[in-house]
Structures are given as C-alpha cells and as structure tokens.
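# Breakdown of the fold
The lines below spell out each chain.
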Amino acid sequence: MSTNHRRSIASQFFAEEDSDASQANAKQISTADKVVELINETQLLPKDSQKIQNLKQVQELIVNKDPTLLDNFLDEVLQFQNDKSADVRRFVVGFIEEACKKDNELLVTVVMHLNMILSDPAQNVAVLKRVILCNAQLYRVAIKWVLKSKIVREEKEAMWQNFKDMKSKIKAMIDSENDGVRTHAIKFMEMLIVTSSPKTADSEVPKKKIDDISLDKIPEDHPILKYRHIKADAINGMDLLLKLMATPSITSVNLIACMGVVTSICKQRPMFMKDVIEGLEALHANLPPTLAKSQVSSVRKNLKLHLMSILRHPSSETFHARVITLLQDLGASDHEIFKAVPRSENLKRSRGDENNHQTNKKAKILDDDEGMDEEATTSVPVKPPSSVKAISKQTPLDLLTEEIKPLLDSSENVANIVLISMVTLPESMPAHFQAMYTPIAAAGTDSQVQHLARMMATQFIPAGIKPKKEIVNTEADDLGIMPTPRGIPVLGGSSGSAGDNFRQPSQFAAPKGVKRIKQFKLADVTKPISTSLEDKMMTMALQRIIDSGKNLKGPALQARNKMIVLLTTQFGGPLINVLQEYVLSDLRANIDLAFSWLYQEYAKYRGYMLILGDDSSSLERYDTLLCRILASLLVRDDQRDGVFARLGLESPIITPNALKIIKRFCEHENHFFVGMKTLRDIILNRPASMERYLDNMLELTWNEKIEVRSQATQYVKRFYEKADMRQHIEHFATTSLQHLTGTKPPPSMVITLSAPEKRVEANKTWTEDTAKICLNLYLALLPINHKLIHELATVYVAASAVIKRIVLRSLETPVRGMGMSSPELLTLLETSPKGAETLITRMLHILTDKVPPSQDLVKRVRDLYQKRVPDVRFLIPVLIGLEKSEVMAALPKLIKLNPNVVKEVFHRLLMSHQEGGLGQSPLTPAELLVALHNVDMTKCDMKSVIKATSLCFSQKNIYTQEVLAVVMQQLMEQTPIPTLLMRTVIQSLSMYPRLIGFVMNILQRLIVKQVWRYPKVWEGFIKCCERTKPQSFQVLLQLPPSQLTVMFETSPDLRLPLLEHVKSFTPHQQAHIPKTIMTVLETDAVAAKIKREQEAIEQKRREKEEEERKKKVAEEKARQQRLLQEKIERERRMKEEEAKAKKRKEQEEKQLNEIKAKLQLDKEKKEKDEMIRKTKEAELKAEEERLKKEKEEKRKKLELDKKAKDQKERETKEKEQKETEPKEKQHIKKEIETNLEIKEKEQKSLKLKEVKKEDNTDEIEQEREAKERKEKDAKAREIKEKEQKEKEAKLKEQKEKAAKLKEKEAKLKEQKEKEAKLKEQKEKEAKIKETKEKEHKEMEAKELKEKEAKVKEMKEKEQKEKAAKLKEQKEKDATLKEEEKAAKLKEQKEKDAKLKEEEKAAKLKEQKEKDAKLKEEKEKAAKLKEEKEKAAKLKEEKEKAAKLKEEKENKLKEQKEKEANEKLLKMKEANAKAQQEEENKKKNDLDITEPVEVNVQNSKEISTVETNEIMPEEKSKELERKRKLEDDNQETVNQEKKTKIEEKISDTHEEGNSSQENSNETLNEDCKVVVDSTNSPVAKKQPKKKTAPAASRRQTRSSQRTAKTD
C-alpha cells in the first residue's frame, strides 16, 4: 500500500506540509468520511490532548463547516461523555453548547445528558463547572426557542422540565463543599434572576445582552413557560443570594463574587435596589469572622467599588443618603463621592443654592421631620424617579432604627455605650482593627447618627430584638408632658428615684418653744426603716464601694476586696446578686475578688467566721457561687486566659454540682480540651477525692463524641501507669467489657446518649456505636497490660454475633501494639477457649500482615492445629514459617475454602518470591502448581483445583514462560498423567504463544505414553491439536488408526485439513504414511457414526413400542379393576349415608319434642310472673300516693319556715345597712326628709287656706289627707326599693370576692400539696436508685469473684486434660502415620486399577452410543418413507369410500322419499271426509304462503306439525314408531363407519406429521358424511299437501338437496 493510504483521513485533510505529489494523488474525500475517520481515530488514541484536538476538528467540520451533519454525528460525539478523562468530558459539554446554539432543536435530545452529568455525585468538579456555565447559556436559548415555536409538543415540555430540574440542582450547589462550584452557581443565579425579571426604563443592560430575553417578553398565558413561576424564581433567587451574603461562614472568594453579582443585578433590574443596599449595609456591619486580615481589606475595597457603581445609577437617587454614609465609613473622600454622583444631580445642587434658597429650606425642614438629614456637602433634595415606586410599608429594620435614633441623640446614652464597650476592649489595638479602621469625616452629623442607628438595628434583629411600637399616653399629651423614651440601660443608673421613699424635710420640723435641752437620742429623731428600703440602701452602698475602687492597686485594692467580700458574706441578700454581676462582667480582671469571695464563703461554711443572726452555715451559697462562675465561663468562647483551670485547681473545694459543670466543659465541642486538662490536674493535685474525680474521667470514656472519648482514653492510659489508680481503672474497663455479654446496653450508658432515637434503639439492642464505647477503654489498655487479652477472649465467646463482628473490626491497633512476641498472646494460643477461633485467626492475620511470623508463634499455631482445633484457617497467617511437607498436606483443605481466602493463601505463598516480600516461602511457584495438579481428588473437588490453578495463572509476573515450561516438564515425567495436564498446557500456550514448539514435543511424548487410556487427558489432547493446527498435523499422523478415527469422530473439522496437508507431501513422503491411516483420512467417520447411531435409534424405538403396548394393556386392566372398586365403594357410601340420614331424623324429632316441652314451661312461668308483677305495681302505686301526701305537708311547713326566716333576715339586713351606710347617704337622706317635711307643711297650709276660703266640709279634708299619705308611702317605698337593690348588689360582689379568695386558697393548697408530693417522690426515687446501685455493685462484685474462681478451676482442669490428651495423641499419631502410609499405597494401587477399568468402560459406552445414534437415524429415514407411502394410499382409499357413500346415500334418500309420499297420500284420502272443513281452511292458508326453502335443522319440527294436523292420533303413533326404527338402523350404520375410521386412525397414529395431517382431513370428511346422514331422514319425512302444485314440490326437493350439501 502507498504512504497516503497508511495515513489517516484527518491527517491527509489537515496536514499543511504535504507534498504537491501526494496532494495530486490523494482522492477527494467528503466531510462525512473525514468525520467518521476522526471519530474512529479518537477512540483509539491514548493521550487526552490528542483526543481533544481530533474532537475540535470534528466540531469545526460539523458545527461551522457543514451544520447539516450535526444530526448524524451527534450521538457519536456524545459517546465521549463516558470517557475516563475529565478534559474530554468538559470538551463534550462545550460541544453541546455550540451545537445547541447552532441548531436549537437539538435541545430536546441533549438536555437529558446535561441533567445526568449534574445528578452524578462522583462527577469531576471541572466538568460540573463547565455544565453550570453551559446551562447559563442554554437556559436563555431554550426560552427564546420555546417562545418562537407556536406548536406545543410533549418533547418541549419534557425539555423544559429537564431545565427546571437542572435549575433546582444548581441552586442546591450554592451549599457545595467546593468554592469554585459555589461561585459558578452564584453566576448562574445572576443569569436566572435577570432573565426572570422584567426590564424597566432605567435598566442598565450591557451591549452584548441588548437583545437578551426577559420576563416582559414572555406572555402571561404561555402553556409551557409559566409567568408566575418564572417571576417567583427571580424573587426566591434574590433572597437566596442575600442570605448567602449574610452567612458568617462564607469564604472571601464567594463573598466577592456574590457582591459583584448582586450589584450587577440591581443595576440591570432596579426593582431590587432597596434589597441590595440593605444587604450591603448588613454586610458592612457584620463582616464574617472567619476572614483573614488581607481578605477583610479586599472585601472592603470591593464593597466600596460596588457602592460607587450603584451611586452612579440613576435609580439609586432615593438611596443616596444611605450609600454616601456607607462610603464615608469605608474611607471614601468627598471628592470621590462627588465624582460618582450623576452630573444632573450636581447641576441641581448648584441651581438650588443660587435660585431656590427658600425651597431648599422647606426641603430641609421636611427632611428634618422625616429624620433623613444629611451633611451640608452631600445633602441635596432629590426627587424620586418615575421608575421606582415609593414603598409605604416599613420593615422591622426601619422601625427599629426609628426607635434607636432618638436614644443616640442623648449624650448620656452614647457615653454609657462607650463605657460599657471599654470594659471588653483589649489592652492593645488589634492589627485586624487597625487595618479596617478608617476615620469618619461626617462624624456627629444627623446622617451619620441615622446610619449608626441603622447599623445597630441590623445587628439587633439577628439577635432576636424586635421593634416595639410606642404607646401614646393621651393623659400625658393633654397635660403637656412628653412620654419618656425607652433608652438603653445606663451604667450605674437606677430605675426609680430613691428619694421618693424618704420623708420630706418639712416632716422633721423642730418644736417651736424649747425651754430645756434634752439628751439627743437617735430613736426619738428617726423611725425604723422597712426591709426593702434597707436592702436598697445596702446595695447602693456596696455599688458605691465597687465604683470607687476601680483604679486602686496594691494593698488598698486588697483591703477594698476584703471589705466587699465581708459585707456580702455577712449580710447576703441582694448584695450577692450585685457582687456576682460585677465579678462576672469581667471575670479575668476580677478573678482575685472572686477567689477571696469563694474562700470567705468556705470559711463561713467551715465555721471559721462569726455568723450574725439566724444565718446558718451551709454549703449552698458556696456551691451556687462556684457553679455560677463556672457556668459563665462555659458560654465564653476564648479560654486562653486560664481562669477555668485556676478555678478548678485553686478553689477550696469542688462540689458535686461544680464537678458536673466541669464535666460539661469536657463534653463541649469547643472547650473539651481545656476541660479535660483541668480535670486531669484536679485528679493529680487533689488526692483526697481522687477516686471521685477519676470516675468522672472514666465516664467520659463512654461519651458518644469521638474527640471527647479519645482524649479521655489518652489521659486514662497515663493514669493507668500509676500504681494507686491502676486497679480502679482496670475494674471499670473490665465491667464495661462484660456489659457486652448482655442482650442490651446498661442504662447508665444509655443516659449518656444525646439523641432520643439512639436512646430508643439502645434500650432494645446493641448498636455499633454503643459496642465501640464499651470496648474503647479496654482495647486502649491492652498494649500496656497484655494479661487483659484472656478476659477479652472469654467475653468474645459469650457475646452475640453482632458484638463479635465489632470486636474483630477494632482489634488492629491494640494487637499490633502487643506484638507477636507477647508471652500472654502465646499462652492464649496454647489455652484458647472454645468459640474463640475467629478471634485468634484475626489476631494472627494482624500480626503477620506486614512482618514474617516468629518461630515461637509458628510452633504454637502448629500445636493448636495438630492437637486441639484441626481448622486449616489457623495455618494461613503462618504458612511462610511452615515446612514444605506441612504446606503440601494442608493444600487440599486450603483450596476448598472461600475464594477470597484462597487468594490470600496464594498471595502469602507467592509474594515472598517477589522483591520486598515478607519472607522465604517453603514452596517455589513451580512446586506449588505441580502440587495442585497432584492433589488427591478424594480429598478435594476438581472445581476448586481448577480455580486454584487459574489463580496461579493470573500472576503473570511470577509464572513466566520458563516457570511454566518447568511445570509441564515435571508433570510429563509422572507415571499416571495428571488429569489437568492438558488444561495447563492449553492455558500456558494461550498466555505465551512462543511455547508452541515445546507443546508439540509434549504431545509427541503423550502419544508414546498412550494418552487415549486417560479419557479426560485425551479430550484435552484433541482440543490442543485443534488449537495448534497446522503445527499439530505431524503429531496426528503418529497416532494409531483407531485413535485417529476416534479423534475425527469427536472433531471432524481436523480430517480435511489433515488430508490436504498429507496430499501436499511429495510421493516419497506419502509412501512413508501407512495405508490404514490413509483410509481413515479418506473415509468419512461422521457418516459411519451416523449410520451406527440410526441403527441404535431404530432398535430403541422398537423396544419402546413393545413396552408401550404392554403398558397400555396393563393400564386397561387396572382401569377396569378401579372402576369395579369405585362402584363397590359408591354403594357402600350410599348405604352409610342412608343410615346417617335416618339417625339425623330421629335426633331432630327428639330435639323438637324437647323444645316444645320447654316452650310450654316458659309460658307457664311467664303467666305467674305477670300476676306477681301486677300485685307489686298496685302496692307501689299506693305507697307513691302516701309519699306524695307526706311531701306536700313537708313542703308547706318548709315554706312557712322560710317566710319567717326571710322576714328575720330582712330586718337584720336593714339594720346592718343602716349601720354600714356611709355618712354621705345619711346626710342626703336627712336633707330629702327635711325637704319633704317642708313641702308637706307648705301643702298643708295651702290646703287649709283653701278649705277656709271655700268652707268645704271635713270629708273633703280627710280625702286630701288620705291622698297625701298615699303619695308619701309610695315615695318611701321607692326609696326603700332602691336601697335594697344597692344592698343586694353589694352583697353579691362581696360573695363573689369571697368565693374567688376561697378558690385561690384552694389552688395554693393543691400546689403546695403537689410540690410536697413531688419532693417526696424525688427523695424516694433517689433513695431507691442509691439502694439499687449499691445492690447492683455488690452483685457485680460477687459475680466477678465467682467467675474468677470458676475460670481458675476450669483452667486447672483444662491443663490437666490437655497433658493427658497430649500423651494419647502422640501415641496415636505414631500409629496413624504408619497406617496412613500403608493405606496410601493401597489406595494408589486401587486407583490405578479403577482408572484403567473406567477408561475401558467409557470407550465402550461411547462406541455403543454412537452405534445406537446411527441406527436411530436410519430407522427415522425408513419410517419417513413408509409414512409417506401409507399417506398416499390412505388418500386414495378415502376418496373411493367417499364416492361409494355418496351413491348409497342418494339411493336411500330417493327410496325413503317415495315411501313417505305414498303413505301420506293414503292417510289423507282416508281422513278427507272427516276433516273437510279443516282442509278448506288450510288450503286457503297454503295458497297464500307457498314454501320456497326449508332448513335442515328445523325440518323435523315442520314435518311433525303437519302430520299432527292431518292424521288422527292412532295413525300418527304408528308413523312415529316407524321413524324411530329407521333412525336406529341409520345410527348403527354410522357407528360401524366410525369404528372403521378409528381403526384406521390407530394404525396411522405413530406416522409422521404429513400422515397426521392427511388423517385429520379424512376424519373431518367422514364426520361430515355422518352428520349429513343423520340429518337426511328428517328432511325426507317432511310431508307435502295436495293443494301444493308440482312446481312447488320440485322447489322444496331442490332446496332440501342444497341444504344437505351445505
């Protein structure tokens, strides 16, 4: 071939240095062929760079040059998505992007691939980044394409659903562990928010994205693109970015990226401007604490740049004040800010200053009212733009800033804030603050105060402080009093004025006239102070002492501390809280005061101090003080000052509650190291209570947190080295280990678990975590004390399967720490308990994994295997240390193990021969393979041997060509040829084809050894000859003729090539080949074999037929016998059923009689009961009437008593009311009565005058007086009723109050009782727990002692038994060895004899089978011929029989028709006279409806109806008898035909498929004939009437014939 054809198509197309001659000779190749060639070439290239280069060429051809080929080659390029190289996969993603931009319809097929890449958790980070970038581009392309296409299809909906899935996955990647993935996800969110939100007039869009898609281009009713969902994506995405920017754990890279994305979004979409500025303000106030110094400076620079860019945007005019204050905080100068502000605004400022001075003043006043003043340099009245809508609703941030700003206006609050912050300031200025700090130019201005309030609000809201609306006090407003603002608590200030409780000076006025000087007494001048005032004055005095000595040093400070401490310890009360607050405010500075206070409280507890009053000396105050100080340290993050350690070591005593807090320190995720260290120092430096503290440290070894547990175990290991702690620690470790023998963990350990789910699970069964907790300390102590291994073995035996698995997993580090030279480990091998075999094997594997075994270890393992536990798995770790004979003896058992175990065995035996092996193996690789071939098949299976040899062949670096040649040579020299020899020969030849010459030599030697005597080796010989042709032809010619024929029979493909090979010889060479071999070569062995097989098949078939016939006869006899037995059984069952039925009837009759008797008795009882009931009812009615009368009498008496009582009560109430009435009411009543009396007098005088004038009679005067009396009585009644109502209302109120008081008292009593009960219950539970724990510990101690005694006894017994067994085994071994040798010799001889016999039998069987197969094939061929001939004969006979039947049937039909017609005519003539009237009617009917056609099926019904109408009853009966006889005759004929047909079918039943089909056809024809014959007489018997004409008769006959043929 020419050089041009050898080169690839791509190189021919793209090569630039091809010669002119090659270009002229090269063929013009189409681009499709070039693409195919490039793709095929890339699949074979090894380097990634070459693959990418070729794929780039494919992209250039498909995408840019000829885009029509994209559809054809897209799948081929996408196949590289599964390539191992990440660079290739990245390129495929880029290709997808370019292809979809070129052809948008490809999105439907490609999006699924991108979704699969994103959903792969093991995907490369670089590929993920490229997929995110690709999504950012294709998301917009997809929206545009969906909007353009008018037809909605399922494919587009599926494509858009895939995009939504990818969008949600990329959103979730914002929380990814990789920084780069997070940044790419943030960039994707920028694209998503910009596309999912509408453009406005002020939107700043880059030039590249002028025609880009946005929400305003999407219709609201689009079927695929849901407007509401897309809009929600923008809002949710913006919230997500702002939350990410506010997280404290964000990295600097992500933070800078997030700031850039947010600013670009707010410039492109001004609707988010307010949210972005608030987010940047919050970020400025709360920078992440994880940032370094350089990162903080870069973040602040970026923040400054982004704010400058926001300031330039026209939509940010309403937020300029906030942005400018932020920029000033960040160190921006006025000049920079002035430049950043748009020019239009600067012009407005200048014009406003010159022309509109008054309007500016008004604007300023308005700004002052709203709280939005700015500095003179930057404050300009700005009109809000039309695009941004004013937001009326205020956020919690705005409300909180409004509340904080007036508080910051007061100088006292600001000074107090500064003083409070001064307490926490460090001594020197941190470098971090120094780098961040920038001087504020506009400090003190209203805008700066507003900004400061806003920054404080941003920090308060995350801390949980919410704004509170100011409550307007209307009364205060009316009086002109301003409501006091809620301020920040002032340092040293008080909530209320103390002077309110003092008396005024005017209250202590001196007496006016003093004649003599009295002695001054304080009791005369002052009065006793209340307890509350006393406490207040004490606290104020203590506060003044504390405040006065802040700057003291030296002895003055010590004296001041002593005075403070003495005051608080003596008087206590509220002074304790004041001093605690002061000490805990800065514990590092006040630590000396705290220690002096602790020692003073301890001195008081011990009685070293004078106690005043009833104050008892208890430890509670000391305990609460120490616990409060320690708890305050637990909240603090920084523990480097060592205050906690000092408190633990220098405190006079550590109480149990304080020890609990120290334990909490040890369990804290941030302070556990400090807590552990202090607890360690406490244990070492406080020996009096050492065990109590050590128990806490040991309990920490049970902690579920791994860091705490590991640190505690490290300290306990150090304590274990000390003699005084050793026993205590060992006891705890052994008890925790023995817990594993139980069914579930102990409750003391379950309590330590934090999660409730884990507690529930631990209460049921052991889990991996709980088991590891119990094992942790014991396994850590194993390398220090090797004796603990024995207890571990005993626990392992008694434990469950789950715990055994966990123990085996966690043994590695402690066992390696012990080493294989440990005497205790060797003794464990000698005295291993039953059931600990897996534990010992695991230990041996760990010890010999990287180091060869020692002689002592090998010796102990050998003894263990030979004398006690004959398990081969013990020998695997020590195989390198065993002798050659021992390995050979154990090899059959090792091969039968699990495949993974066998791999490890071979690894240990073979890897020692490589460089850096563990030691020298007793077997060489060649010896190992030879030993596998010589394995005794009685001890091992053939499959396991084959698997073992294949494992050896897999080690190509060990089993080289030379080693395999040596192995085959050794196997050939063995007298009984190994069965797997030819398998190894073929396998080695496939591995190393250069061994072909050596293999031919082996085949020749095998012929000399008569390979055909070994059937399995002979099969392998034939297969090897097939694979090595034509080299094996020379070997085949050396075979004897009989073996050569056998070979050709098994593999017929060898004959013709061998014959051609022989024919290619020269005549001289052919003369040397024997004639017998030539005849074998020329004859077809396969044909001869087939003949023999056919004959054998024929013979077998005949035998089968005879057997089947005999079986059928036997089956028929058995069936007849079975039928007889069934009849007998049926009769017997019928009799039994009849007897049972009789018995049932009798029983039913008896039951009915009994039921009737019972019913009669029940009726009688009911009648008696009714009589008794009626008498009782009458008695009850009489009693009821008597009781009613008594009740009425009692009721009347009670009513009278009540009336008397009511009158008495009214009188008493009136008296009480008069006494209780206030003076005012009595005064009012008196005035009313006086007024009434005056009015009455006046009326009387007037009446008298009138009487005198008119001279009326006395009767008129009496009437008037009666009227006046009536009016007075009515008024008095009204007054009394009013008073009574008021009294009743007051009484009700008093009663209600009394009821409420009673209820409260009852509730208080119930609460007290409940609290007392709870206390009693708690005390009882505590006592019960203590008693249980004591009993548990005592029981455990007893059990341990008993177990130790039992273990000792068991060990002594076992040692004695072992010594006796060793002696017996030694004697047995000697005898067994001799017997085994003799047995082996016998077995070998017997095997050889058996093998020879089996080979002969196998050959004979094969020959017989071949002959039988040939016979069967011949018989089949002969049968096929016979069956064909029989089928042809049967067809001819059936045709003849069918013709004869048709002729007979036609004749019979004609005869029967004639006879029937004659008989009918005679009968009609005889009965014509009797039935003339009836015939006339029928004639009319027949004339109207002439019969045309008659159905064959309904012919019987028609004929019977007509005959019944015409004939009388007697004659019709005779006709029916005749018909029945004819039918019976015809049925007999048909049955005879059927029997003949069945006989024919039985003769031809076992013929071929063709004969069966023919017989089926004939059967169908015969059956049709039978059916026609059965139906024919009915049609013939149909009578015809006289009135019907001859033409109608002919028509009926023709119709009957047609029906028959159908």
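Take the overall build of the chain next. When helices and strands are tallied, the chain shows 66 helices and 0 strands. For the chain, buried positions account for 35% of its 1606 residues. Relative to all contacts within the chain whose residues are 6 or more apart in sequence, the contacts with residues 24 or more apart total 73%. For the chain, the accessible area works out to roughly 105,000 Å², and carbon and sulfur atoms hold 53% of it.

Here we take up the packing of aromatic side chains. Taken as a whole and assessed by the stated rule, the structure comprises 10 aromatic pairs. Their ring planes at 20 degrees and their centres at 3.8 Å tell us that Phe 644 and Phe 665 sit as a pair that is stacked. With a gap of 21 residues between them, Phe 644 in helix α31 (residues 643–650) and Phe 665 in helix α32 (residues 656–667) connect regions that are remote in the sequence. Phe 644 gets classed as buried once you look at its relative accessible area, which sits at 2%. Residue classification places Phe 665 among the buried residues on the basis of a relative accessible area of 0%. With 5.5 Å between their ring centres and 10 degrees between their planes, Trp 1018 and Phe 1021 make a pair best called stacked. Placement of the pair is Trp 1018 and Phe 1021 together in helix α53 (residues 1015–1027), with a separation of 3 residues, close to one helical turn. Each member of the pair, Trp 1018 as well as Phe 1021, is classed as buried. Here a set of aromatic residues connected by ring pairs shows up, and it is made of Tyr 139, Trp 160, Phe 163 and Phe 188. In this structure, Lys 156 is placed above the aromatic ring of Trp 145, and the distance from its NZ or CZ to the ring centre is 5.2 Å. Looking at Lys 804, its charged tip hangs above the ring of Tyr 796, at a distance of 5.5 Å from the centre.

The next thing to look at is helix α34 (residues 690–700). Taken together, the buried positions of α34 are Met 690, Tyr 693, Leu 694, Asn 696, Met 697, Leu 698 and Leu 700. Considering only its buried residues, α34 is in contact with α32, α33 (672–685), α35 (706–720), α36 (723–738) and α39 (768–781).

This brings us to the pattern of salt bridges. Proximity of charged atoms lets side chains of opposite charge pair with each other. According to the stated counting rule, one finds 30 salt bridges in the structure shown. Of the charged contacts in the structure, one is a salt bridge between Arg 182 and Asp 179, with a shortest N-O distance of 2.2 Å. Remark: Asp 179 and Arg 182 occur in helix α11 (residues 179–195); sequence separation between them is 3 residues, near one turn of the helix. Here Arg 182 falls in the buried class, since its relative accessible area comes to 15%. The exposure class assigned to Asp 179 is partly exposed, which follows from its relative accessible area of 26%. In this structure, Glu 812 engages Arg 816 in a salt bridge whose closest nitrogen and oxygen atoms are separated by 2.9 Å.

For the rest of this paragraph, the subject is unusual backbone geometry. For the bond from Lys 1029 to Pro 1030, the omega torsion is 10 degrees, close enough to zero to count as cis. Note that Pro 1030 resides in the loop between α53 and α54 (1033–1036). Positive phi is not limited to glycine here, since Gln 1010 has a value of about 60 degrees. Summarising the element assignment, Gln 1010 is placed in the loop between α52 (996–1008) and α53.

A cluster of nonpolar residues, Val 414, Val 418, Met 422 and Leu 425, forms a patch on the protein surface that exposes about 340 Å² of accessible area. Mapped onto the fold, Met 422 is located in helix α21 (residues 411–423).

This brings us to helix α41 (residues 801–809). Among all positions in α41, only Ile 803, Ile 806, Val 807 and Leu 808 are buried. The secondary structure elements touched by the buried residues of α41 are α39, α40 (788–798) and α44 (837–847).

Once that is clear, we can look at the packing of helix α30 (residues 620–635) against α32. At their nearest, the axes of α30 and α32 sit 9 Å apart, and the two run at 10 degrees to each other. Classified by the angle between their axes, α30 and α32 sit roughly parallel to one another. Contacts between α30 and α32 pair Asp 623, Leu 626, Cys 627, Leu 630, Ala 631, Leu 633 and Leu 634 from the former with Asn 657, Ala 658, Ile 661, Ile 662, Arg 664 and Phe 665 from the latter. Here the residues of the contact of α30 with α32 are counted per class, giving 10 nonpolar, 1 polar and 2 charged.

Take the nonpolar core next. For soluble globular proteins, the rule of thumb is that nonpolar side chains tend to be buried together. Residues Met 697, Leu 792, Leu 811, Leu 1003, Leu 1006 and Phe 1021 are the most contacted members of the largest nonpolar core, which totals 185 residues. Among all residues touching Leu 1003, those that are not within four sequence positions of it are Met 982, Phe 1021, Cys 1024, Cys 1025 and Val 1035. Counting residues in each nonpolar core, the second largest holds 106 residues, with Val 35, Leu 74, Met 166 and Ile 174 among its members.

What follows covers a negative patch on the surface. Taken together, the side chains of Glu 1103, Glu 1106, Glu 1107 and Glu 1108 present a region of like negative charge at the surface. Relative to the assigned elements, Glu 1107 resides in helix α59 (residues 1085–1220). Residue Glu 1107 is classed as partly exposed on the basis of its relative accessible area of 46%.

Moving on to the packing of α30 against α31. At a minimum axis separation of 10 Å, α30 and α31 run at an interaxial angle of 155 degrees. If you check the angle between α30 and α31, you find them roughly antiparallel. Crossing of α30 over α31 shows left-handed handedness. Facing Ile 629, Leu 630 and Leu 633 of α30, the residues of α31 in contact are Val 643, Phe 644 and Leu 647.

So, about the confidence of the model for the chain. Here the chain averages 75 in pLDDT, and 77% of its residues register 70 or above. Here residues 1548–1606 is modelled with pLDDT under 50, and outside its nearest four sequence neighbours on either side it reaches 92 contacts, counting other chains as well.

A contiguous patch of positive charge, built from Lys 893, Lys 896, Lys 939, Lys 1377, Lys 1381 and Lys 1384, is present on the exposed surface. Among the elements that take part in the positive patch, helix α61 (residues 1258–1470) stands out by supplying 3 residues, more than any other.

The next point concerns the environment of Ala 931. Counting through the fold element by element, Ala 931 comes out in helix α48 (residues 925–933). Residue classification places Ala 931 among the buried positions, given a relative accessible area of 7%. Sequence separation of Ala 931 and Leu 891 is 40 residues, and the distance between their C-alpha atoms is 8.2 Å. The residues touching Ala 931, leaving out its near neighbours within four places in the chain, are Met 888 and Leu 891.

Another point: the environment of Leu 107. Structurally, Leu 107 is set in helix α8 (residues 107–119). The residues contacting Leu 107, other than those within four sequence positions of it, are Cys 100, Leu 138, Val 141, Ala 142, Trp 145, Met 159 and Phe 163.

Before going further, it helps to spend a moment on the side chain of Gln 580. Tracing the backbone shows Gln 580 in helix α28 (residues 574–585). Leave out the neighbours within four places in its chain, and Gln 580 touches Trp 597, Leu 625 and Arg 628.

Before going further, it helps to spend a moment on the environment of Gln 970. Relative to the assigned elements, Gln 970 resides in helix α50 (residues 961–973). Distance from Gln 970 to Glu 927, taken between C-alpha atoms, is 9.3 Å for residues 43 residues apart in sequence.

Rules and cut-offs
- Residues numbered from 1 in each chain as written.
- Predicted model: local features only at pLDDT ≥ 70, side-chain atom pairs only at ≥ 80, totals over all residues.
- Heavy atoms only, no water.
- Helix = DSSP H or I, 4+ residues; strand = E, 2+ residues; numbered from the N terminus.
- Buried < 20%, exposed > 50% of the residue type's maximum accessible area, 1.4 Å probe, protein only.
- Contact = heavy atoms within 4.5 Å.
- Areas by Shrake-Rupley, 256 points an atom, 1.4 Å probe, with all protein chains shown as cover.
- Phe/Tyr/Trp six-rings, centres within 6.5 Å; stacked < 30°, edge-to-face > 60°.
- Lys NZ or Arg CZ within 6 Å of the ring centre and 35° of its normal.
- Salt bridge = Lys/Arg side-chain N within 4 Å of Asp/Glu carboxyl O.
- Patch = residues over 30% accessible without salt bridge, like charges linked within 9 Å, V, L, I, M, F, W, Y side chains within 5 Å.
- Axes fitted to C-alpha atoms, helices over the stretch in contact; angles between N-to-C directions.
- Parallel < 35°, antiparallel > 145°, perpendicular 65-115°, else oblique.
- Nonpolar A, V, L, I, M, F, W, Y, C, P; charged D, E, K, R; others polar.
- Core = buried A, V, L, I, M, F, W, Y, C linked by side-chain atoms within 4.5 Å.
- Lys, Arg positive; Asp, Glu negative; His and termini not counted.
- Charge placed at Lys NZ, Arg CZ, Asp CG, Glu CD.
- Left-handed = near helix turned anticlockwise from the far one by under 90°.
- pLDDT = per-residue confidence, 0-100.

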